[in-house]
Amino acid sequence: MKDVKYKILIVDDVPENITIVENILEVAGYETTTATDGITALELVNEKKFDLILLDIMMPQMSGIEVCQHLKRNPLTFSIPVIFLTANSDRDT
């Protein structure tokens, strides 16, 4: 039986954060793709199928919440699970 590699999109405007998460996931056997902004992330999901999106909330130009709203309105991407990542300790966020 062939091993299935789940495809995860990591979206964060801080390259160091991407590197940490990407290293952990790749060691665990996941295939990762990265984007440093929301616009690029939305372009990538139109080009490639992802099983999960890890999405930073606080980004310039387009917040992670705005990216998620676009994903959930699109019939081709609405079912992709999204997990928000943030260094913000504010509970309201």
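Enquirer: Can you break down the overall build of the protein chain residue by residue, with the values?
Expert: Scanning the protein chain from terminus to terminus reveals three helices and four strands. Helices and strands appear in the protein chain in the N-to-C order β-α-β-α-β-α-β. A compact globule built from 93 residues should have a C-alpha radius of gyration of about 12 Å, and the protein chain, at 13 Å, falls within 12% of that. The principal-axis extents of the C-alpha atoms in the protein chain amount to approximately 45 × 30 × 20 Å. Counting all 93 residues of the protein chain, 34% fall into the buried class. The contacts in the protein chain between residues at least 6 apart in sequence include a share of 60% that link residues at least 24 apart. Summing over all exposed atoms, the protein chain offers an accessible surface of approximately 6200 Å²; the carbon and sulfur share of this is 56%. Counting 8 positive and 15 negative side-chain charges, the protein chain places the centres of these two groups 11 Å from one another.

Enquirer: Break down helix α1 (residues 15-27) for me, citing the residues and quoting the values.
Expert: Taking 1.5 Å as the rise per residue, α1 with 13 residues should run 18 Å; its terminal C-alpha atoms sit 18 Å apart, in good agreement. With its phi angle positive at about 100°, glycine 29 sits one or two positions after the end of α1.

Enquirer: An account of the pairing of strand β2 (residues 31-35) is requested, with residue identities and associated values reported.
Expert: Relative to β2, strand β1 (residues 7-11) is paired through five bridges, and the arrangement is parallel. Looking at the pairing, valine 11 lines up with alanine 35 of β2. As for the winding sense of the linkage, the β-α-β connection from β1 through α1 to β2 is right-handed.

Enquirer: Just give me the short version of the side chain of aspartate 12, but keep the residues and values in it.
Expert: By the secondary structure assignment, aspartate 12 is in the loop between β1 and α1. One buried charged residue, aspartate 12, remains without a salt bridge, the closest side chain of opposite sign being lysine 72 at 18 Å. A distance of 3.3 Å separates the side chain of aspartate 12 from the side chain of asparagine 17, its partner in a polar contact. Filtering out sequence-adjacent residues up to four positions away, aspartate 12 remains in contact with Asn17, Ile18, Ala35, Thr36, Asp56 and Met59.

Enquirer: Describe unusual backbone geometry, naming the residues involved and giving the relevant values.
Expert: We note that glutamine 61 has phi near 70°; this positive angle belongs to a residue other than glycine. Relative to the elements of secondary structure, glutamine 61 occurs in the loop between β3 (52-56) and α3 (64-73).

Enquirer: Now, about the pattern of salt bridges: what can you tell me, with residues and values included?
Expert: Counted according to the given criterion, the structure contains two salt bridges. We note a salt bridge from lysine 48 to glutamate 31, for which the minimum N-O separation is 3.0 Å. Highlighted residues: lysine 48 in the loop between α2 (38-47) and β3 and glutamate 31 in strand β2, separated in sequence by 17 residues. A salt bridge links aspartate 51 to lysine 49, with the shortest nitrogen-to-oxygen separation between them at 3.5 Å. Taking relative accessible area as the criterion, lysine 49 reaches 62% and is therefore assigned exposed.

Parameters at a glance
As a convention, each chain's residues are numbered from 1 in the sequence order in which they are written. Local features in this predicted model are restricted to residues of pLDDT 70 or higher, and side-chain atom pairs are both shown and tallied only at a pLDDT of 80 or more, whereas totals for entire chains, interfaces and linings draw on every residue. Where side-chain values are given, they derive from all heavy atoms of the structure, hydrogens and water being excluded. A run of H or I in DSSP counts as a helix once it spans at least four residues, and a run of E counts as a strand once it spans at least two, with each numbered from the N terminus. Taken over C-alpha atoms, the radius of gyration is set against a globule rule of 2.2 Å times the number of residues to the power 0.38. Each residue is assigned to one of three classes by its accessible area relative to the maximum for its type, calculated with a 1.4 Å probe on protein chains only: buried under 20%, partly exposed between the two thresholds, exposed over 50%. Two residues form a contact once any of their heavy atoms are found within 4.5 Å. Residue-level accessible areas treat just the shown protein chains as cover; the underlying method is Shrake-Rupley with a 1.4 Å probe. Under the counting rule used here, the positive set is Lys and Arg, the negative set is Asp and Glu, and His together with the chain ends is not counted. Throughout, a charge is located at the NZ atom of Lys, the CZ atom of Arg, the CG atom of Asp or the CD atom of Glu. By definition here, a helix of n residues has an expected span of 1.5 Å times n minus one. Here, a strand pair is defined by DSSP locating no fewer than two bridges between the strands. Handedness rule for crossovers: strands pointing away from the viewer, path from the first strand over the helix to the second running clockwise, crossover right-handed. We count a salt bridge whenever a side-chain nitrogen from Lys or Arg sits within 4 Å of a carboxyl oxygen from Asp or Glu. Residues adjacent in sequence count toward polar contacts only when both atoms are side-chain atoms; beyond that, a polar contact is any pair of N or O atoms within 3.5 Å, and within protein one must be able to donate a hydrogen and the other to accept it.

In short, geometric facts, not functional conclusions.
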